[in-house]
Number of protein chains: 2
Amino acid sequence: MTKVLIIGAGKSTSALVRYLDTQAQENNLKITIADKDLQTAKKSASYASTTPIELDIFNKDERQKQIKAADMVVSMLPARFHIEVAKDCVNFDKNMATASYVSDEMAALDEEVKAKGLTFMNEIGVDPGVDHMSAMKVIDEIRDKGGKLISFESFTGGLVAPESDDNLWNYKFTWNPRNVVVAGQGGPAKFIQEGKYKYIPYQRLFRRTEFLEVPGYGRFEGLANRNSLAYREVYGLEDIPTLYRGTLRRVGFSKAWNVFVQLGITDDTYTLEDSENMSYREFINSFLPYSPTDSVELKLRHSLKIDQDDLIWEKLLDLDIFNAQKKIGIKNATPAKALQSILEEKWMLKPEDKDMIVMYHKFGYEHKGEKKQIDSTMVSIGEDQTFTAMSRTVGLPLGVAILKMIQKKITIKGVLRPIHPEIYKPILEELESFNIKFTETETEFLGYNPHNLK
Amino acid sequence: MTKVLIIGAGKSTSALVRYLDTQAQENNLKITIADKDLQTAKKSASYASTTPIELDIFNKDERQKQIKAADMVVSMLPARFHIEVAKDCVNFDKNMATASYVSDEMAALDEEVKAKGLTFMNEIGVDPGVDHMSAMKVIDEIRDKGGKLISFESFTGGLVAPESDDNLWNYKFTWNPRNVVVAGQGGPAKFIQEGKYKYIPYQRLFRRTEFLEVPGYGRFEGLANRNSLAYREVYGLEDIPTLYRGTLRRVGFSKAWNVFVQLGITDDTYTLEDSENMSYREFINSFLPYSPTDSVELKLRHSLKIDQDDLIWEKLLDLDIFNAQKKIGIKNATPAKALQSILEEKWMLKPEDKDMIVMYHKFGYEHKGEKKQIDSTMVSIGEDQTFTAMSRTVGLPLGVAILKMIQKKITIKGVLRPIHPEIYKPILEELESFNIKFTETETEFLGYNPHNLK
């Protein structure tokens with residue numbers, strides 16, 4: 001029998017647990033789902049193979065007791081809490097997995113983990129996770145046939161599914177709303193294009209998008225992520241002249257979002273005076289010049305040069321931001337918190353709504369003197385509000401990876417990312433059976449100058 | 001004999017020392033000028049009453065020896081170093097003075113300083129300093145006659161004198177260039193207008209200026225300082241509906257500076273790749289979209305919507321920012337450092353150039369049912385590059401305050417700002433003899449709605 005301990009029963013645990021349960025009988029799995037709230041654990045543990053328990057991870061004795069009793073540990077906790085679990089796993093010789101980025105502290109365990117013959121699989125969700133695997137597959141194929149990568153652009157978006165897309169922003173919150181509100185802050189976007197380093201400050205980020213077409217799903221826009229350059233090392237692309245990673249939104253989102261950026265209402269670093277009693281209208285007005293006579297509407301239009309017939313305006317009205325009756329109602333709110341609460345009113349998924357994950361990779365390469373391009377796209381639509389696209393694309397790769405580790409089909413040791421063929425090949429293959437699959441098309445290299453203009 | 005110890009012989013020490021020397025004989029002063037670099041101390045100590053010494057303030061024994069031997073200590077060190085000097089002054093029962101803002105650590109000494117019967121005079125330069133004194137004078141006058149303050153706006157600028165104003169920006173560096181480049185960062189401008197709290201984010205700061213006319217000196221523009229609200233407590237204006245503090249520039253400066261803000265090249269928080277070998281042109285280009293064909297010039301114009309005939313463009317050309325030959329030449333430069341080095345080429349004062357300090361206060365008040373306004377302005381022009389306006393307006397109030405303390409004409413105890421009539425009255429009076437004087441004019445209250453438009 002193999003005992004799997006899942007710590008943290010969050011949003012993306014549902015698909016993970018369902019998958020593991022389908023494999024439980026054949027593989028003799030016993031799955032314990034631990035959460036600080038027993039009711040939350042119980043919700044995820046509705047299967048024959050699953051047992052819910054209450055676990056406070058800050059209770060060291062209790063945490064270590066559970067880890068000791070397990071054969072395989074999965075941390076679904078917020079990323080900053082993985083390290084304590086990881087240290088216990090080293091001490092008690094347990095393999096582990098997370099869907100989070102390898103932190104410096106986690107990376108520092110590599111030698112010890114290797115020495116003990118253990119596997120700590122990280123970044124095995126969707127982004128990071130599916131992005132790594134699907135990118136490395138194409139990158140390795142190009143290298144294997146003797147090609148040389150000349151550009152790599154990669155975009156991921158968590159969006160609302162087309163059938164549930166019913167607001168002017170073509171957007172709903174399908175994940176942590178706070179992360180959406182503060183996205184792009186804390187440093188410029190850095191990337192490299194044709195050998196030139198490029199920097200985009202936050203105040204320009206939402207005005208520097210590019211369009212992408214996903215067959216069957218129409219147009220999206222991509223905006224740069226914070227640091228694309230870090231991926232040169234991860235993917236072994238140290239000399240690549242173009243490397244760009246970004247986030248996908250439906251076309252027009254970023255231009256309208258830029259209104260909030262310019263107003264300054266995405267700032268999460270200071271609190272507003274008397275935010276509790278502020279109306280939506282007063283909130284917006286506090287970021288506009290004082291006038292005894294002019295309307296908030298006209299001041300905003302003038303301030304940000306929004307034309308009479310600009311669609312942005314309809315988007316703003318749709319959010320009811322000029323309402324003088326509705327109150328923010330949050331004490332000591334930062335502008336970002338106030339904005340979030342306004343957005344949540346309109347952008348929460350309705351019970352019957354579905355979400356969607358879209359991924360787009362663009363690879364340019366040279367092979368035998370020819371320049372080619374591979375476009376690889378994946379769209380995954382959620383089943384419902386429990387088995388969302390987000391939960392499926394995070395939980396399934398994680399579940400498959402865990403099972404392969406238990407089955408000793410993944411044998412590589414250390415603190416890992418799924419960038420090795422031994423790992424990503426079988427996982428990507430199995431993900432296809434869950435309709436998480438990439439469509440690749442090869443064309444001439446279009447690059448940045450398709451018509452060779454001088 | 002009274003021994004005055006001046007620690008730190010920076011830019012604004014010149015006028016302080018010259019003033020004290022003129023008072024030395026009559027008041028029996030012996031002035032020691034201490035600097036970590038003896039040559040720097042010697043430059044300031046060219047008077048009969050002055051002695052230069054070398055002093056490393058991090059050498060505790062040496063520092064305490066000098067402070068113990070003095071009767072009055074003046075710290076002209078960077079603000080963060082005052083506290084060590086202040087603690088020694090408490091221990092050895094010495095009065096002290098600085099031109100810097102009262103830090104929390106300094107404020108915490110108040111009780112001890114009072115208990116020992118000492119005076120620690122702070123914020124007694126120009127801004128803070130002359131601004132406090134000239135504002136409190138009018139505020140107290142209004143209160144004394146039974147009036148009620150309804151608005152206070154205050155602006156200060158360190159600029160180039162009209163006779164030396166020979167570039168398109170109407171600006172030269174007359175103080176620490178770095179502070180100019182990063183001005184406005186680190187939080188929004190906060191103020192209150194007609195009872196409404198207002199917030200301006202950095203990305204809008206240079207587009208939210210207002211014009212001010214200074215008789216005899218023409219038009220200036222004012223842009224909001226970071227936190228005006230702190231002055232409510234300092235000035236005892238807790239209930240004032242309008243309080244706004246700002247910085248003065250010549251008209252047009254801010255709109256052009258906003259190009260740098262929008263590009264993202266005022267950021268001092270990360271370093272550029274290979275900044276040393278970057279040309280000015282490459283520097284600008286790294287903040288613009290990649291193109292194999294389009295010029296940096298057109299990309300910038302398009303990106304920031306700068307019209308063909310916009311004067312901003314001439315200002316940018318004047319700085320030579322598109323030069324492909326000139327190199328940044330600084331290793332691991334932040335964007336702000338790179339920009340600073342470009343600006344220093346053009347904005348350094350020439351040997352014969354003079355600087356200028358401009359101050360503008362606007363007070364609104366109600367008295368016997370009538371609303372009135374007082375405009376109070378001061379312009380001070382530097383003598384030369386040693387006795388600059390900055391040095392004079394910082395060093396003279398400091399010098400006068402020190403002398404009054406020595407003469408026991410200022411007897412108030414504790415950690416102080418010059419906001420008490422006992423302090424500011426004699427100092428302002430003496431400053432007039434150095435032509436640092438305010439012109440006050442009273443009119444009807446204009447406020448934000450002079451014609452009572454509805």
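Refer to the preceding data block for the structure.
Rules used throughout
Position numbers for residues count from 1 along each chain, tracking the sequence in the order it is written. Numbering of ligands from 1 and lettering of chains from A proceed in the order in which they are written. With pLDDT at 70 or above as the cut-off, local features in this predicted model cover only qualifying residues; side-chain atom pairs require 80 or more to be listed or tallied, and sums for whole chains, interfaces and linings still use all residues. Excluding hydrogens and water, the side-chain figures rest on all heavy atoms present in the structure. Contacts were defined at the residue level, with two residues in contact if any of their heavy atoms lie within 4.5 Å. The term buried area refers to how much accessible surface (probe radius 1.4 Å) is lost by two components on association, counted for both of them together. What counts as a salt bridge is simple: a side-chain nitrogen of Lys or Arg found within 4 Å of a carboxyl oxygen of Asp or Glu. What qualifies as a polar contact is a pair of N or O atoms within 3.5 Å, subject to a donor-acceptor requirement within protein and to the restriction that residues adjacent in sequence count only when both atoms come from side chains. Think of it this way: any DSSP run of H or I at least four residues long counts as a helix, any run of E at least two long counts as a strand, and we number them from the N terminus. Charged residues are taken to be Asp, Glu, Lys and Arg, nonpolar residues to be Ala, Val, Leu, Ile, Met, Phe, Trp, Tyr, Cys and Pro, and polar residues to be all remaining types, Gly included. Residues reaching a pLDDT of at least 70 in both copies supply the C-alpha atoms on which the copies are superposed by least squares. When DSSP finds at least two bridges between two strands, those strands are taken to pair. Geometry is summarised by axes, namely lines fitted to C-alpha atoms with helices restricted to the contacting stretch, and by angles between N-to-C directions that run from 0 to 180 degrees. For each residue, the accessible area found with a 1.4 Å probe, counting protein chains only, is set against the maximum for its type, and the residue is called buried under 20%, exposed over 50%, and partly exposed in between. Only four residue types enter the charge count, namely Lys and Arg as positive and Asp and Glu as negative; His and the chain termini do not. Here the angle decides the label: under 35 degrees means roughly parallel, over 145 means roughly antiparallel, 65 to 115 means roughly perpendicular, and every other value means oblique. For a crossing to be left-handed, the near helix must be turned anticlockwise from the far one by less than a right angle; the clockwise case is right-handed. Read the arc as the range of directions from the helix axis to the C-beta atoms.

Student: Go over the interface of chain B and chain A with me, naming the residues and quoting the values.
Tutor: Across the contact, 35 residues belong to chain B and 35 residues belong to chain A. A buried area of about 3,300 Å², summed over both sides, lies between chain B and chain A, and 56% of it is on carbon and sulfur atoms. At the boundary of chain B and chain A, one finds zero salt bridges. In this structure, the connection of chain B to chain A is made through 14 residue pairs in polar contact (both at pLDDT 80 or more). For the side of chain B that touches chain A, the secondary structure elements donating two or more residues are β8 (189-193), β9 (196-200), α9 (202-205), α11 (253-263) and α13 (296-303) of chain B. Here the side of chain B that touches chain A gets four residues from one element, more than from any other, and that element is β9 of chain B. Grouping the amino acids of the side of chain B that touches chain A by side-chain chemistry returns 17 nonpolar, nine polar and nine charged.

Student: Before we move on, could you go through the relation of the copies chain B and chain A and cite the residues and values that matter?
Tutor: With an RMSD of 0.1 Å, the fit of chain B onto chain A corresponds to turning through 180 degrees and sliding 0.1 Å along the axis. One copy is carried onto the other by what is essentially a two-fold rotation axis. When C-alpha positions in chain B are compared against the rotation axis, the closest is assigned to Q203 of chain B, at 3.2 Å.

Student: I'd like a description of the sheet that holds strand β3 (residues 50-54) of chain A, backed by residues and values.
Tutor: All names here are of chain A. In spatial order, the strands read β3-β2-β1-β4-β5-β6-β15; together these seven strands make up an open sheet with parallel pairing. Sheet topology places β3 and β15 (414-416) at the edges, where each strand pairs with a single neighbour. Direction aside, neighbouring strands of the sheet carry axes that sit 20 degrees apart on average. Bridge analysis of strand β4 (residues 72-75) against strand β5 (residues 95-98) gives four bridges, and the strand direction is parallel. When the bridges of β5 are listed, V74 appears paired with A97. Helix α5 (residues 82-91) rests against β1 (2-7), β4, β5 and β6 (119-121) of the sheet, and its axis sits at about 165 degrees to β5.

Student: I'd like to hear about the side chain of K198 of chain A, residue by residue, with values.
Tutor: Along the chain, K198 of chain A falls in strand β9 (residues 196-200). Within the buried core, K198 of chain A has no salt-bridge partner, and the shortest N-O distance to an opposite charge, that of E282 of chain B, equals 10 Å. Polar side-chain contacts of K198 of chain A include one of 2.9 Å to the backbone oxygen of L288 of chain B.

Student: Run through the pattern of salt bridges, naming residues and quoting values.
Tutor: All names here are of chain A. For the structure shown, the criterion picks out 42 salt bridges over all chains. The salt bridge involving D166 is made with K350; its shortest N-O contact spans 2.6 Å. With D166 in the loop between β7 (148-160) and α9 (177-181) and K350 in the loop between α16 (335-347) and β13 (355-367), this residue pair connects regions lying 184 residues apart in the sequence. The exposure class of D166 is partly exposed, given its relative accessible area of 46%.

Student: Mind laying out the side chain of H82 of chain B, listing which residues take part and the relevant values?
Tutor: Residues and elements named next belong to chain B. Mapped onto the elements of the fold, H82 is located in helix α4 (residues 82-91). A distance of 2.7 Å separates the side chain of H82 from the side chain of S75, its partner in a polar contact. A polar contact is formed between the side chain of H82 and the side chain of S100, at a distance of 2.7 Å. Excluding residues that lie within four positions of it along the chain, H82 makes contacts with S75, L77, M96, T98, S100 and M106.

Student: Report on the packing of helix α1 (residues 13-22) of chain A against helix α17 (residues 389-406) of chain A, specifying residues and quantitative values.
Tutor: All names here are of chain A. Running from N to C, α1 and α17 point in directions that differ by 40 degrees, and their axes come no closer than 7 Å. Comparing their axes, α17 and α1 come out oblique. For the element pair α1 and α17, the recorded crossing hand is right-handed. Of α17, the residues touching α1 (which contributes S14, A15, L16, R18, Y19 and L20) are S391, R392, G395, L396, L398, G399, V400, I402 and L403. Each residue belonging to the contact of α1 with α17 can be placed in one class, and the counts come to nine nonpolar, four polar and two charged.

Student: Outline helix α4 (residues 60-69) of chain A, listing residues and values.
Tutor: Think of an α-helix as 3.6 residues a turn; residues three or four steps apart then line up on the same face. Residue and element names in this part refer to chain A. Within α4, the full set of buried residues consists of R63, Q64, Q66 and I67. Axial view of α4: buried residues confined to an arc of 160 degrees, hence all on one face. Turned more than 90 degrees away from the buried face of α4 sit D61, K65 and K68, all of them exposed. Considering only its buried residues, α4 is in contact with β1, β3, β4 and α5.

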